[in-house]
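What follows is the residue order along each chain.
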Amino acid sequence: MGLEELKTSVLEANLATVRSGLVTATFGNASGIDRNSGTLAIKPSGVPYDRMTSEQIVAVSLEGAVLDNAYKPSSDLDTHLVLYRAFPDIGAVIHTHSTYATIFAQALTPIPCFGTTHADYFHGEVPVTRHLSEDEIRNRYVAATGDAIVETIGDSDPLEIPAALVASHGPFVWGRTPEEAALNALILEEVAKMAWYSMTLAPGLSPISQTLHDRHFLRKHGAQATYGQQESTP
């Protein structure tokens, strides 16, 4: 993918979060990466979404050097960089302060899998990070946020759990492409909303069985996936 195509895709992912109601004001950002060149493209800091153009999307090296723009990159750049370095199979990262996912983050509560909607997209509960230390907050807050996410995902496949809730902050979501990350961000908010109401109606509700969870996730993901149409050979 060329840089201009990447910037256009990242712009669309940013705008998709607004259209989906996941972002208010400028509370959020999306980025994407071209793994071949090691170049990522990310939302410019503080630019209103209704005036944002692909030319304003900022190109940055994987080492963090701004490559081509007078605009400053998102203030969350270092979190995105940590995730790209740690998760080599992801191609995009999105951060929002969407209402229900942020409620769970502020309550320090993972989002349990109560139903098959969740299981179709997340192979497990959506976890919450630890709190950052005082030293991390003072000296390397943005990068330390990424470190906490990486620690929380641990040995899990980040494409099977493509989101984490940053304690007292909000969700970070990722995917193979900016389009996939935007969809994951939308689904995350929907399952957070469903979980909130399920917990309200039935306090003490247990998650679905691992068998049902696996059945739904694996029909859409992995080598044995059966969901959707198979590509035919002419």
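Basis of the calculations
- Residues numbered from 1 in each chain as written.
- Predicted model: local features only at pLDDT ≥ 70, side-chain atom pairs only at ≥ 80, totals over all residues.
- Heavy atoms only, no water.
- Pairing = 2+ DSSP bridges.
- Helix = DSSP H or I, 4+ residues; strand = E, 2+ residues; numbered from the N terminus.
- Axes fitted to C-alpha atoms, helices over the stretch in contact; angles between N-to-C directions.
- Contact = heavy atoms within 4.5 Å.
- Buried < 20%, exposed > 50% of the residue type's maximum accessible area, 1.4 Å probe, protein only.
- Polar contact = N/O pair within 3.5 Å; in protein donor to acceptor, adjacent residues only side chain to side chain.
- Core = buried A, V, L, I, M, F, W, Y, C linked by side-chain atoms within 4.5 Å.
- 1 Å grid on protein atoms, 1.4 Å probe; cavity = no way out; pocket = protein on both sides within 12 Å on 5 of 7 lines; lining within 4 Å.
- Points joined across faces, edges and corners; volume = space filled by probe spheres on them.
- Nonpolar A, V, L, I, M, F, W, Y, C, P; charged D, E, K, R; others polar.
- Salt bridge = Lys/Arg side-chain N within 4 Å of Asp/Glu carboxyl O.

### A word on the sheet that holds strand β5 (residues 163–166)
Pairing is antiparallel in the open sheet, where 6 strands are placed in the order β3-β2-β1-β4-β6-β5. The sheet is open, and its two edges are formed by β3 (58–61) and β5, each paired on a single side. Across the sheet, the axes of successive neighbouring strands diverge by a mean angle of 20 degrees, strand direction being ignored. In the sheet, strand β1 (residues 28–34) pairs with strand β2 (residues 39–42) via 4 bridges, with the strands oriented antiparallel. Bridge assignment links Ile-33 to a residue of β2, and that residue is Leu-40. Along the sheet face, helix α1 (residues 3–19) touches β1, β2, β3 and β4 (92–96) and points at about 155 degrees away from the line of β1. Strands in contact with helix α2 (residues 77–86) are β1, β2, β3, β4 and β6 (170–175); relative to β1, the strand with the most contacts, it is inclined by about 40 degrees.

### A word on α2
Where burial is concerned, most of α2 is hidden: 7 out of the 10 residues are buried. Of all the residues in α2, the buried ones are Leu-77, Thr-79, His-80, Leu-81, Val-82, Leu-83 and Tyr-84. Looking at the packing, one finds that the buried side of α2 touches β1, β2, β3, β4, α6 (141–153) and β6.

### With respect to the side chain of His-80
Position of His-80 among the secondary structure elements: in helix α2. At a separation of 2.7 Å, a polar atom in the side chain of His-80 contacts the side chain of Asn-29. Apart from the residues lying within four places of it in its own chain, the contact partners of His-80 are Asn-29, Ala-30, Ser-31, Ile-42, Val-93 and Phe-172.

### Focus: the nonpolar core
In terms of nonpolar packing, the biggest core is built from 48 residues, with Leu-40, Trp-174 and Leu-188 touching the most fellow members. When residues of this core are assigned to their parent elements, the largest contribution, 8 residues, is made by helix α7 (residues 178–201). Aside from chain neighbours lying at most four places away, what touches Leu-40 is Leu-6, Ser-31, Gly-32, Ile-33, Val-58, Ala-59, Val-60, Ser-61, Leu-62, Leu-77, Leu-81 and Tyr-84. In terms of nonpolar packing, the next biggest core, distinct from the first, is built from 9 residues, Leu-6, Val-10, Val-47 and Met-52 among them.

### Overview of the pairing of β3
Judged by which residues are buried, β3 turns out to be covered on both faces: Val-58 and Val-60 on one side and Ala-59 and Ser-61 on the other are all buried. Bridge count between β2 and β3: 4 bridges; the pairing is antiparallel. The residue bridging Leu-40 from the neighbouring strand is Val-60, located in β3.

### Digging into the layout of surface pockets
In this structure, the largest pocket occupies an estimated 230 Å³ of space. Surrounding the largest pocket, 13 residues form its lining, Tyr-121, Arg-176, Glu-180, Asn-184 and His-221 being those nearest its centre. Breaking the lining of the largest pocket down by element, the ones donating at least two residues are β6, α7 and α8 (210–220). Looking at which element gives the most residues to the lining of the largest pocket, the answer is α7, with 3 residues. Here the residues of the lining of the largest pocket sort into 6 nonpolar, 4 polar and 3 charged.

### Considering the pattern of salt bridges
Evaluation of the coordinates by the stated rule reveals 8 salt bridges. Salt-bridge contacts for Glu-136 lead to Arg-130; the nearest nitrogen and oxygen are separated by 2.9 Å. Classification of Glu-136 by relative accessible area gives buried; the value is 12%. Residue Glu-134 pairs with Arg-138 through a salt bridge whose shortest N-O separation is 3.7 Å. Of this pair, Glu-134 and Arg-138 are both found in helix α5 (residues 134–139), 4 residues apart, which corresponds to roughly one turn of the helix. Each member of the pair, Glu-134 as well as Arg-138, is classed as exposed. Residues joined in a network through salt bridges with shared partners are Arg-130, Glu-136 and Glu-151.

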